[in-house]
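What the coordinates show
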Amino acid sequence: MTYSGAVKVGGPADVHELTDLMVSKVAVGPGNNNAYLLRCRATGEQLLIDAANEAGTLLRLIGDDGIASVVTTHRHADHWQALAEVVAATGARTFAGRYDAEGIPVPTDVLVDDNDTIRVGRVELTARHLVGHTPGSIVLVYDDPHGAPHVFTGDCLFPGGVGNTHRDPKAFASLLHDVETKLFDRLPDETWVYPGHGHDTMLGVERPRLPEWRARGW
């Protein structure tokens, strides 16, 4: 079936089947958070992005094969409510941005810096450190050798704008700069964007709106 990325809390996961990677997206919790399960098709190894809420839902999605690792995109509490339970059940290694790890109550095994590589089986993801939504937010870029890139943006980029910077001009300028220089300037329009809440988008859809975002200041 065609992947749309349209999921709702209590509903089934939507699965994006790529050549080397399967991406399962599910919505959980009162904040309608997205969690993403990545599975290397060659090895079966799995990685979870944001154990946001509803540990039971996430563990059912993970299944009997377990996960090797779980990445938390940033420190905000709605993105780690199920982290302790998922880690306890799976023994997964935890990853988070170096400057956000202190705000996550579950110990971080691997502190992630800009341009670090995180592996799931034979698949490589590249971390980008974006400052503004939080001090240590990270996004993960999968440069698919068989097609367009895919980027998991946490709360840094959504359809229609960057993440919330609480009307702080300095934080907004920082986040917009990092989104432009580390995502839009480096990746093509065909890049698929998986945000921390809501629907997916593509960089080419959002690129023409950058001047509008800059002008409005959020």
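Scroll up for the structure.
What you are looking at is a predicted structure, and each value in this text was computed from that prediction instead of being measured.

Considerations on helix H3 (residues 169–184)
- When H3 is considered as a whole, its buried residues turn out to be Ala-171, Phe-172, Leu-175, Leu-176, Asp-178, Val-179, Glu-180, Lys-182, Leu-183 and Phe-184.
- One side-chain oxygen of the residue at the start of H3 lies 3.0 Å from the amide nitrogen of Lys-170, identifying that residue as Asp-168.

Regarding the packing of aromatic side chains
- Applying the stated criterion across every chain, the model contains seven aromatic pairs.
- Relative to Trp-192, the ring of Tyr-3 has its centre 5.8 Å away and its plane inclined at 55 degrees; by these criteria the two rings are tilted. A residue pair is termed long-range when its members are at least 10 positions apart, and Tyr-3 in the segment before strand E1 (14–17) and Trp-192 in strand E14 (residues 192–195) qualify at 189 residues.
- Tyr-3 gets classed as buried once you look at its relative accessible area, which sits at 9%.
- Measuring from ring centre to ring centre gives 5.6 Å for Tyr-36 and Tyr-194, while their planes differ by 80 degrees; the resulting arrangement is edge-to-face. Within this pair, whereas Tyr-36 is found in strand E3 (residues 33–40), its partner Tyr-194 is found in strand E14, the two being separated by 158 residues in sequence.
- Given the relative accessible area of 2%, Tyr-36 is considered buried.

Brief notes about the pattern of salt bridges
- Evaluated as defined, the whole model comprises 12 salt bridges.
- The shortest N-O distance in the salt bridge between Asp-114 and Lys-182 comes to 3.5 Å. Placement of the pair is Asp-114 in the loop between strand E7 (110–112) and strand E8 (117–120) and Lys-182 in helix H3, with a sequence separation of 68 residues.
- The closest approach of N and O atoms between Glu-212 and Arg-216, which form a salt bridge, is 3.5 Å. Within this pair, Glu-212 and its partner Arg-216 are both found in helix H5 (residues 210–216), separated by four residues, close to a single helical turn.

What counts and what doesn't
Residues numbered from 1 in each chain as written. Predicted model: local features only at pLDDT ≥ 70, side-chain atom pairs only at ≥ 80, totals over all residues. Heavy atoms only, no water. Buried < 20%, exposed > 50% of the residue type's maximum accessible area, 1.4 Å probe, protein only. Helix = DSSP H or I, 4+ residues; strand = E, 2+ residues; numbered from the N terminus. Polar contact = N/O pair within 3.5 Å; in protein donor to acceptor, adjacent residues only side chain to side chain. Phe/Tyr/Trp six-rings, centres within 6.5 Å; stacked < 30°, edge-to-face > 60°. Salt bridge = Lys/Arg side-chain N within 4 Å of Asp/Glu carboxyl O.

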